Amino acid sequence: MPHLFDEVGIDTSRYADNVEFVDPITKYDNISGYLFNIQKLRRLFRPDFELHDVYETAENELTTRWTMTMKFVLLPWQPEIAFTGVSIMTVDLKSGKFVRHGT
């Protein structure tokens, strides 16, 4: 997750092809949709993503705590908004890949 919005990007080999991404605004059910959402946010808002903590909350689950500051670059005054949140990442224990990312 530290490279979620930078040039390095996420390691897609760590995600199932049918990874489910759910947040209050969007939902995708495949890696292509997940990557599309990341790129859309990156282009429109140039997010600054800070990962504060990662901890195991179940045998197949990691919970992350993060802050994301976004700047809407299409407006001349480029307003900023900051979100602090939690994401729950579910892992398929057989494959070791993420199968769900929910916020």
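Keep in mind that what you see is a predicted model, and the values were worked out from it rather than measured.

Engineer: Help me understand the overall build of the protein in this model?
Structural biologist: Within the protein, the regular secondary structure consists of one helix and six strands. Taking 13 Å as the expected radius of gyration for a compact globule of 103 residues, we find that the protein reaches 14 Å, a close match to that expectation. A burial count over the protein gives 33% of its 103 residues as buried. Across the protein, every contact between residues at least 6 apart in sequence was considered, and the portion connecting residues at least 24 apart equals 40%. About 6600 Å² of surface is accessible on the protein, with carbon and sulfur atoms providing 53% of the total. Of the side-chain charges in the protein, 11 are positive and 15 negative, and the distance between the mean point of each set is 6 Å.

Engineer: I'm lost on the side chain of Thr-67 in this one. Help?
Structural biologist: Mapped onto the elements, Thr-67 comes out in strand β4 (residues 61-71). A distance of 2.6 Å separates the side chain of Thr-67 from the side chain of His-52, its partner in a polar contact. One polar contact links Thr-67 to Thr-84, side chain to side chain, over a distance of 3.1 Å. With sequence-adjacent residues up to four places away left out, Thr-67 is seen in contact with Asp-48, Phe-49, Glu-50, His-52, Phe-83 and Thr-84.

Engineer: Any chance you could explain the sheet that holds strand β3 (residues 48-58) here in plain terms?
Structural biologist: Pairing is mixed in the open sheet, where six strands are placed in the order β2-β1-β6-β5-β4-β3. Across the chains shown, the open sheet's two edge strands, defined by having one partner strand only, are β2 (27-28) and β3. Summarising the sheet, strand β1 (residues 15-22) and β2 pair through two bridges and their orientation is antiparallel. Following the sheet pairing, Phe-21 is matched in β2 by Tyr-28. Most of the contacts of helix α1 (residues 31-45) go to β1, to which it runs at about 55°, and overall it touches β1, β2, β4, β5 (80-91) and β6 (98-102).

Cut-offs and rules
- Residues numbered from 1 in each chain as written.
- Predicted model: local features only at pLDDT ≥ 70, side-chain atom pairs only at ≥ 80, totals over all residues.
- Heavy atoms only, no water.
- Helix = DSSP H or I, 4+ residues; strand = E, 2+ residues; numbered from the N terminus.
- Rg over C-alpha atoms; globule rule 2.2 N^0.38 Å.
- Buried < 20%, exposed > 50% of the residue type's maximum accessible area, 1.4 Å probe, protein only.
- Contact = heavy atoms within 4.5 Å.
- Areas by Shrake-Rupley, 256 points an atom, 1.4 Å probe, with all protein chains shown as cover.
- Lys, Arg positive; Asp, Glu negative; His and termini not counted.
- Charge placed at Lys NZ, Arg CZ, Asp CG, Glu CD.
- Polar contact = N/O pair within 3.5 Å; in protein donor to acceptor, adjacent residues only side chain to side chain.
- Pairing = 2+ DSSP bridges.
- Axes fitted to C-alpha atoms, helices over the stretch in contact; angles between N-to-C directions.

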